[in-house]
Protein chains: 2
Amino acid sequence: MLTTGQFSKICQVSVKTLHYYDKIGLLTPLRVDSLTGYRYYSREQMDRMLLIGRLKRYGFSLEEIADILVCGDERVLFSKLKHQKEKLTLQRQETELIISELSDHLQNFERTGNIMGYQKRYEICTVYTPDRAVIASRQMMGVKDFGTYFSSLYERMAKEELTPDGIRGAVYYDEEFNRECSDIELIAGVKQTGRADKIIKGRLCASTIHKGAYSSLSDAYGALVAWIEENGYAWDGAPYEIYTKTQFDGLAPKDWETEIYFPVKEKDDK
Amino acid sequence: MLTTGQFSKICQVSVKTLHYYDKIGLLTPLRVDSLTGYRYYSREQMDRMLLIGRLKRYGFSLEEIADILVCGDERVLFSKLKHQKEKLTLQRQETELIISELSDHLQNFERTGNIMGYQKRYEICTVYTPDRAVIASRQMMGVKDFGTYFSSLYERMAKEELTPDGIRGAVYYDEEFNRECSDIELIAGVKQTGRADKIIKGRLCASTIHKGAYSSLSDAYGALVAWIEENGYAWDGAPYEIYTKTQFDGLAPKDWETEIYFPVKEKDDK
DNA sequence: GATTGACTCTCCTCTAACGTCATAGTTTAT
DNA sequence: ATAAACTATGACGTTAGAGGAGAGTCAATC
């Protein structure tokens, strides 16, 4: 039988942590003296404690760990571990991306001496867009679901024997953009104009090209909105993006390119 | 002039976030109507908001961001960015390490079918250690300081023309091990017995070899402590580790090897 | 038996960066 | 004038404990 202090030393965790785990029921001591309230742990509980520490390291929350331990099914743990591995891999990619952005930022400073107001310069202009014949899939979705929906779109295209014209994009119907879940329509251009789901009519748009990963798309968005106001135009419809260079072209995030189109009309300023 | 809602949409942040930033003084609106309390932002504040978002993405806390923006010195920002880049790089390495540990864990499951109680099997035995002539440097330090102190130890060795014998290790004087800050003595073996700082006298130790990264050293530690109790020995002095295969040998974390020695004596169990 | 020092208990507050209600007041469009 | 949309404040919740106060307990020594 080990006291809290002894057990904490062996397991390399703080006494506070043991108290906390007891409180949330993650690791209750073998015996608690009902008179003094003193906790006593057994040597076998060390294994459980070490496993908890390991799972914590893998990035599980204490709640998830408790679930895993309560259920006690090895297959559950196995699949959760696999899932967690994917999550960590994604996280690593994300970190890598941020590092490369940060490097860009620093390089930019060395070239231009400007660092505080580091923002990409966006070349913005109005264009009259061409008609675009597309098949489309509109849903409430998050940015992370793009892959899934795009592949089903391409499957459909194959089934219906349509020929892609290389255009891929997304229309944002919500004014307030939320990357977890928004009203988004994915579109893929097809050559068979007659058999398309819809034709995005050509019209006046303010447009720019965003170079780099999607994480800084909001910069482009902001620049466009500002430009539209400043140049006497007004927002007039759902904006959309066309992904011209992406991971599907085998490129690294920093080389991706996205065209952004904002339907606008001239403001009748009185 | 933009209302909170408009500004939040342009900058792609929530209204709550704007409230919060106002409250902590990170981004106060240009004007606040003293009657209604309504906040109004200017278009120029968008730049500040975008910069805040960017810095947040780089991993700065809001407090750090506030410092940077208040001070407004470009050189400060530059050095902070560089520092942050290093931090992110370390973080990525750490994530990679965890991923490889997780992979090991999964592989281990596929081999042995055991996953819940996944713990390395440690071969533990008692040995009579040889005398070790070492130079040493004892301080309150954290695990992260090992690199610094080891290099100064090796510098000293070069200056005093001592010959290293390849032994590198650390003695832990605190019972309670804390990886941030503990009473630790780094040691490096030398061939000139007479000129060593100290000689670690040969004696009876319980010992094992830990294979893999240091993050799971506590598993070995726990296994040893348990073994010592179970086999009728008692803890008798500060434990130490010898790093036999490390990054200095050009190895990946999973191939590192650490010998752990726990001075013990036979317990006089009555 | 008394004292001392080390240990342990419970209970309280605090962290970061907001999200989530609840309730009340304001603006704008019809 | 009224409804719909927007905004404000304020309280509480989130994670995984850390830190501290004040009180009780244990083991060893005198």
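So, here is what we can say about the structure in this document. In this convention, every chain numbers its residues from 1, walking through the sequence in written order. To label them, take the chains in the order written and letter them from A, then take the ligands in the order written and number them from 1. For a predicted model such as this one, the threshold for reporting local features is a pLDDT of at least 70, and the threshold for listing and counting side-chain atom pairs is 80 or more; totals across whole chains, interfaces and linings nevertheless cover every residue. Hydrogens and water molecules were not included; the side-chain quantities draw on all heavy atoms of the structure.

Side note on the side chain of Glu241(B)
The line we're drawing: Runs of E in the DSSP output that reach at least two residues are strands. Runs of H or I that reach at least four are helices, and both are numbered from the N terminus. Contacts were defined at the residue level, with two residues in contact if any of their heavy atoms lie within 4.5 Å.
Positionally, Glu241(B) belongs in strand E11 (residues 240-245). Filtering out sequence-adjacent residues up to four positions away, Glu241(B) remains in contact with Arg168(B), Gly169(B), Ala170(B), Tyr172(B), Leu217(B), Thr258(B), Glu259(B) and Ile260(B).

Considerations on the interface of chain A and chain B
By a frequent convention, interface size equals the accessible area lost on bringing the separate parts together. For the record, the criterion: Put simply, buried area is how much 1.4 Å-probe accessible surface two parts lose in total, over both of them, once they are put together. Any carboxyl oxygen of Asp or Glu within 4 Å of a side-chain nitrogen of Lys or Arg constitutes a salt bridge here. Any pair of N or O atoms that falls within 3.5 Å is considered a polar contact. Within protein, one atom must be able to donate a hydrogen and the other to accept it, and sequence-neighbouring residues count only if both atoms are side-chain atoms. Here the nonpolar group is Ala, Val, Leu, Ile, Met, Phe, Trp, Tyr, Cys and Pro; Asp, Glu, Lys and Arg are the charged ones; every other residue, Gly included, is treated as polar.
Listed as interface residues are 60 residues of chain A and, on the opposing side, 60 residues of chain B. Carbon and sulfur atoms supply 63% of the area buried between chain A and chain B, which totals about 5,900 Å² over both sides. Scanning the region where chain A abuts chain B turns up four salt bridges. At the boundary of chain A and chain B, one finds eight residue pairs in polar contact (both at pLDDT 80 or more). At the level of elements, helix H1 (4-11), helix H3 (45-57), helix H4 (62-71), helix H5 (74-112) and helix H7 (217-230) of chain A are the ones that each hand at least two residues to the side of chain A that touches chain B. For the side of chain A that touches chain B, the class distribution of residues is 25 nonpolar, 16 polar and 19 charged.

Here we look at the environment of Met157(B)
Residue and element names in this part refer to chain B. Rules: Residue exposure (1.4 Å probe, protein chains only): buried if accessible area is under 20% of the type maximum, exposed if over 50%, otherwise partly exposed.
By the element assignment, Met-157 lies in helix H6 (residues 146-159). The class of Met-157 is buried, set by a relative accessible area of 2%. In this structure, the C-alpha to C-alpha distance between Met-157 and Ala-188, residues 31 residues apart in sequence, is 9.0 Å. Once residues within four sequence positions are removed from consideration, Met-157 is found in contact with Ile-135, Leu-162, Thr-163, Pro-164, Ala-188, Gly-189 and Val-190.

Focus: the side chain of Ser42(A)
Mapped onto the elements of the fold, Ser42(A) is located in the loop between strand E3 (39-41) and H3. When sequence neighbours within four positions are dropped, the list of residues in contact with Ser42(A) reads Phe7(A) and Leu30(A).

Notes on helix H5 (residues 74-112) of chain B
Residue and element names in this part refer to chain B. Operational definition: For a helix, the expected span equals 1.5 Å multiplied by the number of residues minus one.
Between the first and last C-alpha of H5 there are 57 Å, a value that for 39 residues agrees with the 57 Å anticipated at 1.5 Å per step. Between the side-chain oxygen at the start of H5 and the backbone nitrogen of Arg-75 there is a gap of 2.9 Å, and the oxygen is on Asp-73. Looking one or two residues beyond H5, the residue adopting positive phi is Gly-113, at roughly 75 degrees.

A word on the protein's contact with DNA strand D
Quick reminder of the rule: Note on terminology: near, applied to a residue and a molecule or strand, indicates that one of the residue's heavy atoms is within 4 Å of it.
Looking at DNA strand D, there are 20 residues lining it, with Lys16(A), Tyr21(A), Tyr38(A), His19(B) and Arg39(B) nearest. At a separation of 2.9 Å, a phosphate oxygen of DNA strand D approaches a polar side-chain atom of Thr3(B). In this structure, a phosphate oxygen belonging to DNA strand D sits 2.7 Å away from a side-chain N or O atom of His19(B). Put simply, the parts of the chain that give the surface near DNA strand D at least two residues each are helix H2 (15-23) and H4 of chain A together with helix H1 (4-11) and helix H2 (15-23) of chain B. In terms of residues, the surface near DNA strand D owes the most to one element, H2(A), which gives four residues.

Some points on the protein's contact with DNA strand C
Within the structure, DNA strand C sits among 19 residues, and Gly5(A), His19(A), Arg39(A), Ser14(B) and Tyr21(B) are positioned closest to it. Backbone atoms, meaning sugar plus phosphate, form 72% of the atoms of DNA strand C positioned within 4 Å of the protein. Between DNA strand C and the protein, one listed contact pairs a base oxygen with a side-chain N or O atom of Lys16(B) at 3.3 Å. Between DNA strand C and Leu62(B) there is a distance of 3.1 Å, counted from a phosphate oxygen to a backbone nitrogen or oxygen. Elements that contribute at least two residues to the surface near DNA strand C include exactly H1 and H2 of chain A together with H2 of chain B. The element contributing the most residues to the surface near DNA strand C is H2(B), with four residues. Considering only residue class, the surface near DNA strand C consists of five nonpolar, 10 polar and four charged.

Purely spatial values, then, with no claim about function.
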